[in-house]
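A structural walkthrough
What follows is the residue order along each chain.
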Amino acid sequence: MTFNGTWKVDRSENYDKFMEQMGINVMKRKLAEHDNLKITIEQTGDKFHIKESSTFRTKDIDFSLGAPFDYSLADGTEVSGAWEMEGDVLKGKFTRKDNNKVLTTTRTLVGGELVQSYNYEGVDAKRIFKKQ
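Let me sum up the structure you'll find in this document. Everything numeric in this text was worked out from a predicted model, so none of it was measured. (Residues numbered from 1 in each chain as written. Predicted model: local features only at pLDDT ≥ 70, side-chain atom pairs only at ≥ 80, totals over all residues. Heavy atoms only, no water.)

**Comments concerning the pairing of strand E7 (residues 89-96)**
By the alternation rule, side chains of E7 split into Leu90, Gly92, Phe94 and Arg96, which are all buried, and Val89, Lys91, Lys93 and Thr95, of which none is buried. Relative to strand E8 (residues 102-110), E7 is paired through 6 bridges, and the arrangement is antiparallel. What sits directly across from Leu90, in E8, is Arg107. Here E7 hands over to E8 after 5 residues, with Asn100 in that stretch at a positive phi of 60 degrees. (Buried < 20%, exposed > 50% of the residue type's maximum accessible area, 1.4 Å probe, protein only. Helix = DSSP H or I, 4+ residues; strand = E, 2+ residues; numbered from the N terminus. Pairing = 2+ DSSP bridges.)

**Describing the nonpolar core**
For soluble globular proteins, the rule of thumb is that nonpolar side chains tend to be buried together. Residues Tyr15, Phe18, Met22, Ile41, Phe63, Phe69 and Phe129 are the most contacted members of the largest nonpolar core, which totals 30 residues. For Met22, the contacting residues outside a window of four places in its chain are Leu73, Arg96, Leu103 and Tyr120. (Core = buried A, V, L, I, M, F, W, Y, C linked by side-chain atoms within 4.5 Å. Contact = heavy atoms within 4.5 Å.)

**A word on the sheet that holds strand E1 (residues 5-13)**
Spatially, 10 strands are ordered E4-E3-E2-E1-E10-E9-E8-E7-E6-E5 in an open sheet, and the strand pairing comes out antiparallel. In the strand order of this sheet, the two ends are held by strand E4 (58-64) and strand E5 (69-72), each with one partner. Going from strand to strand, the sheet's axes swing by 30 degrees on average, the running direction of each strand aside. (Axes fitted to C-alpha atoms, helices over the stretch in contact; angles between N-to-C directions.)

**Thoughts on the pattern of salt bridges**
Summed over all chains, the structure comprises 12 salt bridges. Between Lys17 and Glu20 there is a salt bridge; the shortest N-O distance is 3.7 Å. In this pair, Lys17 and Glu20 both sit in helix H1 (residues 15-21), 3 residues apart, roughly one turn of the helix. For Lys17, a relative accessible area of 49% gives the class partly exposed. When its relative accessible area of 40% is taken as the criterion, Glu20 is described as partly exposed. The partner of Glu52 in a salt bridge is Arg57, and the shortest N-O contact between them spans 3.4 Å. (Salt bridge = Lys/Arg side-chain N within 4 Å of Asp/Glu carboxyl O.)

**Let's talk about a nonpolar patch on the surface**
Together, Val26, Met27, Leu31 and Phe56 make up a nonpolar patch on the protein surface, roughly 420 Å² of accessible area in all. Structurally, Phe56 is set in the loop between strand E3 (47-53) and E4. (Patch = residues over 30% accessible without salt bridge, like charges linked within 9 Å, V, L, I, M, F, W, Y side chains within 5 Å. Areas by Shrake-Rupley, 256 points an atom, 1.4 Å probe, with all protein chains shown as cover.)

**Overview of the packing of aromatic side chains**
A full pass over the atoms with the stated rule returns 8 aromatic pairs. Pairing Tyr15 with Tyr118 gives two aromatic rings, centres 5.9 Å apart and planes at 40 degrees, and the pair type is tilted. You can see Tyr15 sitting in helix H1 and its partner Tyr118 sitting in strand E9 (residues 113-120), a full 103 residues away along the chain. Geometrically, the ring pair formed by Phe48 and Phe63 is stacked, given 5.0 Å between the ring centres and 5 degrees between the ring planes. Placement of Phe48 in strand E3 and of Phe63 in strand E4 is noted, with a sequence separation of 15 residues between them. On the basis of relative accessibility, which here comes to 3%, the residue Phe48 falls in the buried class. An aromatic cluster of at least three residues, connected via ring pairs, comprises Phe48, Phe63, Phe69, Trp83 and Phe94. Directly above the aromatic system of Tyr15 lies the positively charged group of Arg127, at a separation of 4.2 Å from the ring centroid. (Phe/Tyr/Trp six-rings, centres within 6.5 Å; stacked < 30°, edge-to-face > 60°. Lys NZ or Arg CZ within 6 Å of the ring centre and 35° of its normal.)

Here it is in structure tokens:
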């Protein structure tokens, strides 16, 4: 499908401010700027298998569109939510378990790059990935 493949982070926009808004301490934010995140996406119909690998961890995630699931962010923040497909955009809405605040994220292809956008409490950020 459209998102299938292995994607490596190339650059970020406003990611430090986003992580600060999420409550991530300065040391973890500095490390995250150089995490060399790689995402492998395998989509079969409405089912996804995603492997995230970075300097700090490797994690496998399986989900179906529209089906809620629990997930732990790289900093340990626990969230629960679901992904939906709207046209060519993968949209996720996740609620933090510690404070019930909402994190939204989208994945879309722009000019052959995977753009992952985030919003939390009014702060937007992007991470742009190149296909490997």
